[in-house]
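Residue-level structure breakdown
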Amino acid sequence: MPPDEAVSYEPVSVKAVLAEMKDTAELLIDLSYSAVLLGSDDIAEEVLALEERMDVLHLQARMSLLMAARNPSDAEALAPVLGVVGAAEKISDAAGDIAKVVLEDVGLPPAMQATLPEAVETLVRATVADGSAYAGRTLGDLNLETATGVRVIAIRRRGEWLLNPDATTELEAGDVLLARGPDAGIAEVYDAATGEEYEPPTAPEPAIEDLERAVDSIVLMKNMSELAVDLAYGAVLFDSEAVAEEVLELEAEVDALQSRFEAWTLRAAGRVEDPISLRGLVRLASATEVISDAALEISEGVLRGLGTHPVVAAAVEESDEVIVREAVASGSPIDETTLGDREVKTETGMRVIAIRRPTDQPTGKHSTEWVLSPGPATAVHAGDVLIAKGTRSGAERLSTLCEG
């Protein structure tokens, strides 16, 4: 936020502010890594614009929460909420640091771009042209997600951000769309929106083994940090100490990965022409580790037995991308299949981020185990509880799939 921009207290809905902060933080993670992997100054600029918006939201949330605390009991109940607010701001700052790697030409080795196909789903920034077939039509009419697999995750219109576009959102000429999806679908949407041919970035081959390992470490840190943020909001929504403990484990693993990354980078520094060119990797790893720390901060209230304040749970429920849990019923369409066989992500638009699975102990007692980041080959059985993230309409389709 520009230092000369004044922000004064005004009555606002804390739930609405928290929901917008959650949506903005998650969008910032997507945009910042995409800016790096695509080498896009345009997307990096969008990150900094959203970071300024997050600064305003952060101040509004803090002022409202301070006004709400009137006694020690209020302070205890609102302390975890302040943690969630502060964590979203940390994610925003980390995303800004990642974007500046691109904007300040700090430098990244070609190996970073070589990881593009497996590191992030393609994200594109497209401006709706005057003569576009999209202008004047709603996202529901266009049905992009079903027809192309591409989802419009945000729209910037006349300097203002729309973070939760839905089926009723009508597109206008001049809208800047941020869309995410498979390459083929991205090309189709970009062409239709802008009237120009989409040119995918080229990915060079990595050359130094130690450097390739360092980059692989960052990619794994990125994936684990994103999963930690998703699970942290899930822990808050469901007031689940078990999910919060998984966030704690992921944060510890990201710390260990950062140590391995530092070792690989130092070894690679002696074999590159210009070791200073590795500064971008170092900054990227540091910012990624901050994101995993922020995820732990989101779930800290649950871990420490303070529970979840109702306003936080309500904000997560009402945010753009919802987090749901669905129990798999015996005889349901998904029972005794795999996520890939049922094409869950394609059919519902929901991404299963974890599965809680009941297990039998030798003593006869029941316990549970967690499957994190399940893939297409992950089997699903009756009694499993799927924790998934996506749109509200997708959540309804997933519920139908899991019902008996």
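The preceding data block contains the structure.
What counts, and at which threshold
Residues numbered from 1 in each chain as written. Predicted model: local features only at pLDDT ≥ 70, side-chain atom pairs only at ≥ 80, totals over all residues. Heavy atoms only, no water. Helix = DSSP H or I, 4+ residues; strand = E, 2+ residues; numbered from the N terminus. Buried < 20%, exposed > 50% of the residue type's maximum accessible area, 1.4 Å probe, protein only. Contact = heavy atoms within 4.5 Å. Areas by Shrake-Rupley, 256 points an atom, 1.4 Å probe, with all protein chains shown as cover. 1 Å grid on protein atoms, 1.4 Å probe; cavity = no way out; pocket = protein on both sides within 12 Å on 5 of 7 lines; lining within 4 Å. Points joined across faces, edges and corners; volume = space filled by probe spheres on them. Nonpolar A, V, L, I, M, F, W, Y, C, P; charged D, E, K, R; others polar. Phe/Tyr/Trp six-rings, centres within 6.5 Å; stacked < 30°, edge-to-face > 60°. Lys NZ or Arg CZ within 6 Å of the ring centre and 35° of its normal. Axes fitted to C-alpha atoms, helices over the stretch in contact; angles between N-to-C directions. Parallel < 35°, antiparallel > 145°, perpendicular 65-115°, else oblique. Left-handed = near helix turned anticlockwise from the far one by under 90°. Polar contact = N/O pair within 3.5 Å; in protein donor to acceptor, adjacent residues only side chain to side chain.

1. Remarks on the overall build of the protein chain
The helix and strand inventory of the protein chain stands at 15 helices and ten strands. Put simply, the protein chain has 404 residues, and 51% of those count as buried. Long-range pairs, those at least 24 residues apart, make up 79% of the contacts in the protein chain between residues at least 6 apart in sequence. As displayed, the protein chain offers around 18,300 Å² of accessible surface, 49% of which is attributable to carbon and sulfur atoms.

2. Concerning the layout of surface pockets
In this structure, the second largest pocket encloses a volume near 220 Å³. Lining the second largest pocket we find twelve residues, and of these L38, S40, I43, V124 and Y198 sit closest to its centre. The set of elements that each furnish at least two residues to the lining of the second largest pocket consists of α2 (41-68) and β1 (123-127). A total of three residues in the lining of the second largest pocket trace back to one element, the largest contributor, which is β1. Counted by class, the lining of the second largest pocket contains seven nonpolar, two polar and three charged residues.

3. Quick word on the packing of aromatic side chains
All told, the structure shown has one aromatic pair when counted by the stated rule. Geometry around Y233 places K22 over its ring, the cationic atom sitting 5.4 Å from the centre. Here K222 stacks its cationic end above the ring of Y33, 5.5 Å away from the centre of that ring.

4. Concerning the packing of helix α1 (residues 14-38) against helix α13 (residues 310-318)
Each pair of packed helices can be described by the angle between their axes along with the distance between the axes. Close contact between α1 and α13 brings their axes to 8 Å; oriented N to C, the two are set at 55°. If you check the angle between α1 and α13, you find them oblique. By crossing handedness, the relation of α1 to α13 is classed as right-handed. Residue-level contacts link V14, K15, L18, A19 and K22 of α1 to V311, V312, A314, A315, V316 and E318 of α13. Tallied by class, the residues present in the contact of α1 with α13 amount to eight nonpolar, no polar and three charged.

5. Things to note about the side chain of K222
Summarising the element assignment, K222 is placed in helix α9 (residues 209-238). Classification of K222 by relative accessible area gives buried; the value is 4%. Within polar-contact distance, the side chain of K222 engages the side chain of E226 at 2.8 Å.

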